[in-house]
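Breakdown of the fold
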Amino acid sequence: MSDGDSFHVLLVEDSPLDAMLVTKLLGSVRSPRFRIQHAEQLRDAVHLLSQHEFDVVLLDLMMSDCNGLEGLERLATDAPDLPIIVLTGVTDEQVALEALRSGAEDYLIKDEAISDSLLVRSIRYGVERKRAELEIRRLNTELEERVARRTAQLRASEERYRNVVEGQTELIVRWLPDGTHTFVNDAYCRYFEKTREELIGKSLFPWMSSDEEREALQSRIASLSVDNPVARGEHKDVGPDGETRWQRWTERGIFDERGILLELQSVGQDITEQKQTEGALRRAERLASIGTMAAGIAHEINNPIAAALNAAEAAMRFKDDPDAKHLLERCLDNVVRSAHRCRLIVENVLKFSRQEPTERSLVAINTVVRDARVSALPHAERETATIELQLAEDLPEVWINELEIEQVLTNLIDNASRSADGPIQVTVRTSRTKHGVRISVEDDGPGMTVEQRQRAFDPFYSTRQKQGGTGLGLSIAHGIVQGHGGKIEIAGEAGQGTVVTVDLPINADDGKME
Amino acid sequence: MLVRIPHPMPVTTSPSTVFVVDDDPEFRESVSLLLESVKLNAEVFVSAEDFMANYESQRGGCLVSDVRMPGMSGLELQKWMVEQEIKLPIILVTAHAEVPMAVEAMRAGAVDFIQKPYSPQQLLERVQQALRQDEQRRRDERADRLTQNLLDSLTRREHEIMDLLLDGGNTKEIGNRLSLSTKTVDFHRRNLLEKMQVDSLVELARIVRPREQ
């Protein structure tokens, strides 16, 4: 093809003289260079076109083997991308117009006036024009293809979107902040048993089941912002069968650039079944724990009840025997002690089952530790234990119920004091942690086995049942510490003493400790 | 309600004692007081190990032991007693209805099982029953010992003739069988009845034959 400085020209001309003239004319031009192939007849031209590539065709309209215009049309069909410049001896405006209409790029008249510069300019412009036209056509075609492709993609995406919105069980609705429905999907219509016409343009607030539900939704909308555009919540209503049903909703706010809430999109799911299962599970769990507790209480109370009955029965036999006075006293003393044991168990059970929120204040933990030591001391002395305190001075005050935490610590010190029959050393330490304070109670007793450690917090698990241990002390301690957002842990191997640590956050409401 | 105390048995054996093994101090004391209130001897032990260290064999009565105790359990104590051939009847006390355990204990020879909570009357009845059983056992044992002593005093010939007599043979048949004269057999017969301190063959059969079964 042409490189801009060289044109390959097909000259179709039946007059040898004219052909020579044109060849000579173009041959004399230095720039651009013209390489000319000459066809005397139209069919030669057609043949050459199929064999070579040309930049331009110069066509004589007055060919001997055909009508000039027909020849033009034939060539324009065979080589639609090739510019054709028509040469003729006839000065006929009509023919010239016909030729241009049939696809010729230009029209030149062979007479004395035809000069090399005119011919060159015409060829050059013809080629350029044709090239530009082809480029435009190519771009057009490409554009059309792209538009078609994008349209197909959009259609597929819309179809997908439609399938997503309509083809599933999620309830989807768009609505204005005043409650007016702007879009609902099929599932939404089916769920609420309304047609689209009944919903679109109407507010959803009036048919919410209660004022509370409405307020809950409104406060959720109020919480939405550009930075925090999503809110979740659960709602209930009464279904067509008169049964309460539950949905979980996710609301997404759509805001304008000034941050004003324009519209909301909500996606909901029916969770009635899940709610019912959860409820049943909770009831079952509660029953199971009541059962465990009842069995535990029965088991614990068996021994002291049996003892009291035996001693009372014996007392009735001794009462009329003047020689058995001291035996009668022993019986009554046994009854009293056994009954006290029962009372203690019941008291602990009540304490355990009570779950009242407790009053809290800012307290220095070292004070509580000292108080707990004083409470535990009488026991400790009987058990030949010594209690040492190692208290850090830089501790923050903690937001706790002082009496409850003291109860926990007293219990831990008691446990440590009784962990061995012989003398025992109990060390209570306080220290600062990232989120609050730590209290640890350490003893040099026999330690705990893995099983004992694992079961230590279970209600009614005790290693000192017969000594009046109720197995509730650590359960209660665990409950109290958890209630304060803290945690309690036991460390130590059998034979290596035991360390119980209690971690308390400065304020339980500032987030639970993990 | 008071328990009717059975009429004391004829004093043919040494006095019975109820051995009480339990790690719960109040419970242990209460059982001991209850037993004392019906004029029974009670001795208490804080653990199976305590009982094992302090029990003198040959002392009669019965054992009331808790099943679950720190250290050795009631069942382990029972096993030990079987090994030691201590025949004291055992009443095991349990807090739960533990059927498989009860079966195991019974198979090993426990006399009784009592489940908490029980009434004092129930315990006393079981104890009385166990004591009666133990006294019967000890009487039988003593009679056995006595009979054995008498048997040991017989000569081999007298023993031979006694067996044949108890099998129903008459003097003549025995004489033929042993190639002895009827007179000699009669002589031995009189002597062995005298040694066995009985007046007739029927009486002899009564003290000798039950042992052989």
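Source: prediction; values computed, not measured.

1. Considering the environment of Phe318 of chain A
Within the secondary structure layout, Phe318 of chain A lies in helix 9 (residues 272-318). Contact partners of Phe318 of chain A, with chain neighbours within four places excluded, come to Ala324, Leu327, Leu328 and Cys331 of chain A together with Ser37 of chain B.

2. A word on the confidence of the model for chain B
Residue and element names in this part refer to chain B. With 88% of its residues at a pLDDT of 70 or more, chain B has an overall mean of 83. Contacts of residues 1-12 to residues separated by more than four positions or lying in other chains number 10 contacts, the stretch itself having pLDDT below 50. Interface confidence in the predicted complex, given as ipTM, is 0.72; pTM for the same model is 0.45.

3. Quick look at the interface of chain B and chain A
Across the boundary between the two partners, chain B contributes 19 residues, which contact 22 residues of chain A. Looking at the side of chain B that touches chain A, its residues break down into 10 nonpolar, three polar and six charged.

4. Some remarks on the packing of helix 2 (residues 42-51) of chain A against helix 3 (residues 68-78) of chain A
Residue and element names in this part refer to chain A. Where helix 2 contacts helix 3, the axes come no closer than 11 Å and their chain directions differ by 10°. Put simply, helix 2 runs roughly parallel to helix 3. Seen from helix 2, the contacting residues are Leu42, Ala45, Val46 and Leu49; seen from helix 3, they are Gly71, Arg74, Leu75 and Asp78.

5. Notes on the pairing of strand 9 (residues 244-255) of chain A
Side chains on a regular strand alternate between the two faces of the sheet. Residue and element names in this part refer to chain A. Of the strand pairs in this sheet, strand 8 (residues 230-238) and strand 9 are connected by nine bridges, and their pairing is antiparallel. Its bridge partner lying in strand 9, His235 is registered against Gln247. Across nine bridges, strand 9 lies against strand 10 (residues 261-270) in antiparallel orientation. Among the inter-strand pairings, Arg248 is bridged to a residue of strand 10, identified as Gln269. The antiparallel hairpin formed by strand 9 and strand 10 contains five residues in its connecting segment, where Gly259 sits at a positive phi of about 85°.

6. Some details on the sheet that holds strand 8 of chain A
Residues and elements named next belong to chain A. Spatially, five strands are ordered 7-6-10-9-8 in an open sheet, and the strand pairing comes out antiparallel. Strand pairing shows two members of the sheet lacking a second neighbour, strand 7 (181-184) and strand 8, which therefore form its edges. Going across the sheet, the axis of each strand differs from the next one's by a mean of 25°, ignoring polarity. Where strand 6 (residues 171-175) lies against strand 7, three bridges are found, and the strand directions are antiparallel.

7. Here's the deal with the confidence of the model for chain A
When pLDDT is averaged across chain A, the result is 83; 91% of the residues are at 70 or more. Per-element mean pLDDT across chain A ranges from 78 in helix 13 (residues 450-455) of chain A up to 94 in strand 15 (residues 436-443) of chain A.

8. Observations concerning helix 11 (residues 365-382) of chain A
Residues and elements named next belong to chain A. Given a rise of 1.5 Å per residue, 18 residues ought to cover 26 Å, and the 26 Å separating the end C-alpha atoms of helix 11 matches this to within 8%. At Ala376, helix 11 is deflected by roughly 45°, the largest bend along its length, and proline Pro378 occurs up to four residues later in sequence. Every buried residue of helix 11 is accounted for by Ile365, Val368, Val369, Ala372, Ala376 and Ala380. On its buried face, helix 11 is in contact with strand 11 (361-363), strand 12 (385-391), strand 13 (398-400), helix 12 (402-417), strand 14 (424-432) and strand 15. The first or second residue beyond helix 11 is Thr384, which carries a positive phi of 50°.

9. Examining the pairing of strand 16 (residues 487-491) of chain A
Residues and elements named next belong to chain A. Of the strand pairs in this sheet, strand 16 and strand 17 (residues 498-505) are connected by five bridges, and their pairing is antiparallel. Counterpart to Ala491 in the pairing with strand 17 is Val499. Between the antiparallel neighbours strand 16 and strand 17 lie six residues, among them Gly492 with a positive phi of about 120°.

10. Remarks on the sheet that holds strand 5 (residues 106-109) of chain A
Residue and element names in this part refer to chain A. Spatially, the five strands line up as an open sheet ordered 2-1-3-4-5, and their pairing is parallel. Each end of this open sheet is capped by a strand with a single partner; those strands are strand 2 (33-39) and strand 5. Mean inter-strand twist for the sheet, computed between neighbouring axes without regard to direction, equals 25°. Of the strands in this sheet, strand 1 (6-12), strand 2 and strand 3 (56-60) are in contact with helix 1 (residues 16-27), which crosses strand 2 at around 165°. Lying on the sheet, helix 3 is in contact with strand 3 and strand 4 (84-88); it crosses strand 4 at an angle near 165°.

11. With respect to unusual backbone geometry
All names here are of chain B. One non-glycine residue with positive phi stands out, namely Gln58, at about 85°. Relative to the helices and strands, Gln58 resides in the loop between helix 2 (48-54) and strand 3 (61-66). The exposure class assigned to Gln58 is exposed, which follows from the 8 C-beta atoms found within 10 Å. The backbone phi angle of Gln197 is positive, close to 55°, even though this residue is not glycine. Checked against the element boundaries, Gln197 lands in the loop between helix 8 (182-195) and helix 9 (201-212). Judged by the 12 C-beta atoms lying within 10 Å of it, Gln197 is exposed.

12. Comments concerning helix 3 of chain A
All names here are of chain A. Among all positions of helix 3, only Gly68, Gly71, Leu72 and Leu75 are buried. On an axial view of helix 3, the arc spanned by its buried residues comes to 100°, and they lie on one face. Tucked into the core, helix 3 has its buried residues touching helix 2, strand 3, strand 4 and helix 4 (93-101).

Cut-offs applied
Residues numbered from 1 in each chain as written. Chains lettered and ligands numbered in written order. Predicted model: local features only at pLDDT ≥ 70, side-chain atom pairs only at ≥ 80, totals over all residues. Helix = DSSP H or I, 4+ residues; strand = E, 2+ residues; numbered from the N terminus. Contact = placed C-beta atoms within 7 Å. pLDDT = per-residue confidence, 0-100. Nonpolar A, V, L, I, M, F, W, Y, C, P; charged D, E, K, R; others polar. Axes fitted to C-alpha atoms, helices over the stretch in contact; angles between N-to-C directions. Parallel < 35°, antiparallel > 145°, perpendicular 65-115°, else oblique. Pairing = 2+ DSSP bridges. Expected span 1.5 Å × (residues − 1). Bend = angle between axes of the 7 residues up to and from the residue. Buried ≥ 20, exposed ≤ 12 C-beta atoms within 10 Å, placed from the backbone. Arc of directions from axis to C-beta.

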